[in-house]
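Structure assessment
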Amino acid sequence: MDDAVAVRDLVVDRGRRRVLQGISCVVPRGAVTGLLGPSGSGKTTLMRAIVGVQTVSSGTVTVLGRPAGAAELRRRVGYLTQAPSVYADLTVRENARYFAALQRRDHAHADRTVADVGLADAATQLVGNLSGGQRSRASLACALVGDPELVILDEPTVGQDPVLRADLWARFHAMAAAGTSLLVSSHVMDEAARCDRLLLIRDGRLVADDTPDAVRAATGVDDLEEAFLRLIRASEQEESR
Amino acid sequence: MNPRILAATTGRILRQLRHDRRTVALLVVVPTVLLTLVYYMYVDQPAPPGRPGTFDRVALIMLGFFPFIIMFLVTSIAMLRERTTGTLERLLTTPLAKIDLLFGYGIAFGLAGVLQSTIASLVAYQVFGLDTAGSMWLVVMIAGVNAVLAVALGLFCSAFARTEFQAVQFMPVVVAPQLLLCGLFVPRDQMAGWLQGVSDVLPLTYAVEALQEVGAHAEPTGTMWRDLAIVAGAAVAALVLAAATLRRRSG
């Protein structure tokens, strides 16, 4: 079976700055792929390119067998932006029901999705009155409400309490088990261990593309944070040579 | 265009408005307060022989301007928020077509404009005895088309503002010249030639002429319908321009 996403030699410039410097990678189907890297490394830009909202300089991005941004993908890809993009002057339920309507889903389906992200009790509250973590989950509900085949989540667990964070990860794995492909970004390395596969980027370059176990084996350390540090140092030494 | 998505979008915009009770209250109350002010300004002024009284002349045109000014501002800010909070980018990754969003705004705030002008007109006719030869409902209809034009211009102008401060500054830019040159302050045939030329290309000039036709004639006139068509055409042109400012891909 094809991969959910195939990125080939992707170069993106923003203004004069080269944000992605020729990245090639894949996101497999039916798995949770982690996109890790420090703030400013190009995670969001790569995700925007996959969703098809980023102007790219060169390279190709193939999503579910179609070029990224193709009209038919708008029903098949769900995107959670880093800043919660929901209407602050609507309730959680009204937001979810609106985005559900855009994806031809009914009210009951929208209400279930709100409950799934743990916001059943806050469903009738205005998003503007919610905490940051709740707001981000409201935004997540709107990204998942269309049951997309591919889900792109830009830092979905920032600001969530540990219990909720564990719940969300369990939910991501349940979705993957049901066949959904997920790409989840994070700058918190302890989340890397929760992923089936890892993409590590730094300064717009891919430093690692492997399973967590393979990364540990290749670097000879158990702690993924330490493993990434070694990978980054190794790639820097290669560059300076 | 998809009727279900358009209906959902229109409903969503109206729901946002409904949650903002203070804005709704201002939409309803402010025109009434200003009409009261104008009424008492002119109540003791004798009408020039053979011409409508000053209140009748000014209030009629105010009824057309309220929804234009207010809906322009409301739309500019609402659309700017869509652009800055990321909801626009998100919407453009969904099956929503640009035209669904633009028409959604046109219908939602057009309806709000009709509601506003209906209330303002009822007050003007029933409380202050506004006297026009034609029907009040023609006035409401013209005001409604004005509101749609304002929404279209607001959608377009929001593309050129990065902040809400900038967005509100477009209001005088768009509204003031049209108000000054529409024929309310100086009759158009008494203006310098070049001013008349500018006035000829401003859509509100035609809205005002249509309103004056209602003021002077019991039945809708051909001129009124032609003017209304021009205003509607300008609204469509502004919507097309607004569509061109919505990009699915950006840098």
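Residues numbered from 1 in each chain as written. Chains lettered and ligands numbered in written order. Predicted model: local features only at pLDDT ≥ 70, side-chain atom pairs only at ≥ 80, totals over all residues.

Comments concerning the overall build of chain B
As a reminder of what qualifies: Under the scheme used here, helices are H or I runs from DSSP no shorter than 4 residues and strands are E runs no shorter than 2 residues, and both carry numbers assigned from the N terminus. For this measure, only C-alpha atoms enter the radius of gyration; the expected value for a globule follows 2.2 Å times N^0.38, where N is the number of residues. The exposure scheme places C-beta atoms from the backbone and then counts, for each residue, the other C-beta atoms within 10 Å of its own, assigning buried at 20 or more, exposed at 12 or fewer, and partly exposed in between. Contact between residues is assigned whenever the C-beta positions, reconstructed from backbone atoms, fall within 7 Å.
Across its full length, chain B carries 10 helices and zero strands. Of the regular secondary structure in chain B, the N- to C-terminal order runs α-α-α-α-α-α-α-α-α-α. Taking 251 residues into account, the globule formula puts the C-alpha radius of gyration at 18 Å, and chain B, at 19 Å, falls close to it. Summarising its shape, the C-alpha atoms of chain B cover approximately 65 × 40 × 35 Å along the three principal directions. In chain B, buried positions account for 41% of the 251 residues. A separation threshold of at least 6 residues defines the contact pool for chain B, and within that pool the share at least 24 residues apart is 80%.

Here's the deal with the overall build of chain A
Counting secondary structure elements, chain A contains seven helices and 10 strands. Here the C-alpha atoms of chain A give a radius of gyration of 18 Å, agreeing with the 18 Å that 2.2 N^0.38 yields for 241 residues. Overall, the C-alpha framework of chain A stretches about 60 × 35 × 35 Å when taken along its three principal axes. Looking at chain A as a whole, 48% of its 241 residues qualify as buried. Counted over contacts in chain A with a minimum sequence separation of 6, partners at least 24 positions apart contribute 66%.

Quick look at the interface of chain A and chain B
Quick note on the threshold: In the scheme used here, Gly and all other residues not listed as nonpolar or charged are polar, with Ala, Val, Leu, Ile, Met, Phe, Trp, Tyr, Cys and Pro taken as nonpolar and Asp, Glu, Lys and Arg as charged.
Residue-level contacts link 24 residues of chain A with 22 residues of chain B. Looking at the side of chain A that touches chain B element by element, the count peaks at five residues for helix α2 (residues 92–102) of chain A. Residues that form the side of chain A that touches chain B fall into these classes: 12 nonpolar, seven polar and five charged.

Quick notes on the pairing of strand β1 (residues 5–14) of chain A
Residues and elements named next belong to chain A. Applicable threshold: Two strands form a pair only when DSSP identifies at least two bridges running between them.
Pairing analysis gives eight bridges linking β1 to strand β2 (residues 17–27), with the strands arranged antiparallel. Within β2, the residue paired with V5 across the bridge is V27. Between β1 and β2, which pair antiparallel one after the other, the connecting turn spans two residues, and G15 there sits at a positive phi close to 65°. Here β1 pairs with strand β4 (residues 58–63) via five bridges, running antiparallel. From the neighbouring strand, A6 faces β4, where its bridge partner is T62.

Brief notes about the nonpolar core
Note the threshold: Here, a nonpolar core means buried Ala, Val, Leu, Ile, Met, Phe, Trp, Tyr and Cys residues linked by C-beta atoms lying within 7 Å of one another.
Counting residues in each nonpolar core, the largest one holds 142 residues, and the members touching the most others are I50(A), A141(A), I152(A), M71(B), L149(B) and A152(B). A total of 16 residues in this core trace back to one element, the largest contributor, which is helix α6 (residues 136–157) of chain B. When neighbours within four sequence positions are excluded, L149(B) is seen to be in contact with F68(B), P203(B), V231(B), A234(B), A235(B) and A238(B).

A closer look at the packing of helix α3 (residues 54–84) of chain B against helix α5 (residues 98–127) of chain B
All names here are of chain B. The condition is simple: All axes here are fitted lines through C-alpha atoms, helices being fitted over the stretch that makes contact, and every angle between N-to-C directions spans 0 to 180 degrees. We call two directions roughly parallel when the angle between them is under 35 degrees, roughly antiparallel when it is over 145, roughly perpendicular when it lies between 65 and 115, and oblique otherwise. Should the near helix be turned counterclockwise from the far one by less than a right angle, the crossing is left-handed, whereas a clockwise turn marks it as right-handed.
Remark: α3 packs on α5, axes separated minimally by 9 Å, with the N-to-C direction vectors making an angle of 150°. As summarised for this structure, α3 and α5 are arranged roughly antiparallel, according to the angle between their axes. Crossing geometry of α3 relative to α5 is assigned as right-handed. Contacts from A59, L63, F66, P67, I70, M71, V74 and T75 of α3 reach α5 at Y105, F109, A112, G113, Q116, S117, A120, S121 and A124. Within the contact of α3 with α5, the residues separate by chemical class into 12 nonpolar, five polar and no charged.

With respect to the sheet that holds β4(A)
The antiparallel open sheet is built from four strands, whose spatial order is β2-β1-β4-β5 (chain A). Edge positions in the sheet fall to β2 and β5 (66–67) of chain A, since each of these pairs with one other strand and no more.

Things to note about helix α10 (residues 222–244) of chain B
Turn by turn, an α-helix covers 3.6 residues, leaving residues three or four places apart pointing in a common direction. Put simply, the test is: Expected span of a helix: the number of residues minus one, times 1.5 Å.
For α10(B), with 23 residues, the first-to-last C-alpha span of 33 Å sits near the 33 Å given by 1.5 Å per residue. Burial in α10(B) covers these residues: M224(B), D227(B), L228(B), V231(B), A234(B), A235(B), A238(B), L239(B) and A242(B).

Some thoughts on the environment of V123(B)
Residue and element names in this part refer to chain B. Within the element layout of this structure, V123 appears in helix α5. Taking C-alpha positions, V123 is 9.1 Å from T36, a pair spaced 87 residues apart along the chain. Apart from residues lying up to four places away in sequence, V123 is in contact with T32, L35 and F128.

Some thoughts on the confidence of the model for chain A
Basically, it comes down to this: Here pLDDT means the predictor's own confidence in every residue, given as a number from 0 to 100.
Counting all residues, the mean pLDDT for chain A is 92, and 100% of those residues have values of 70 or more. When the elements of chain A are averaged for pLDDT, helix α7 (residues 224–240) of chain A gives the smallest value, 83, and α2(A) the largest, 97.

Comments concerning the sheet that holds strand β6 (residues 77–80) of chain A
All names here are of chain A. Strands sit in the order β6-β7-β8-β3-β9-β10 across an open sheet of six strands; the sheet is mixed. Of all strands in the sheet, those bounded by a partner on one side alone are β6 and β10 (205–210). Taken over all neighbouring pairs, the strand axes of this sheet differ in orientation by 15° on average, direction set aside. As judged from the five bridges shared by strand β3 (residues 32–36) and strand β8 (residues 181–186), these two strands associate in the parallel manner. From the neighbouring strand, L35 faces β8, where its bridge partner is S185. Its contacts with the sheet place helix α1 (residues 43–51) against β3, β6, β7 (150–154), β8 and β9 (197–202), and it is angled at close to 155° to β7. Helix-sheet contacts for α7 involve β9 and β10, and the interaxial angle to β10 is about 135°.

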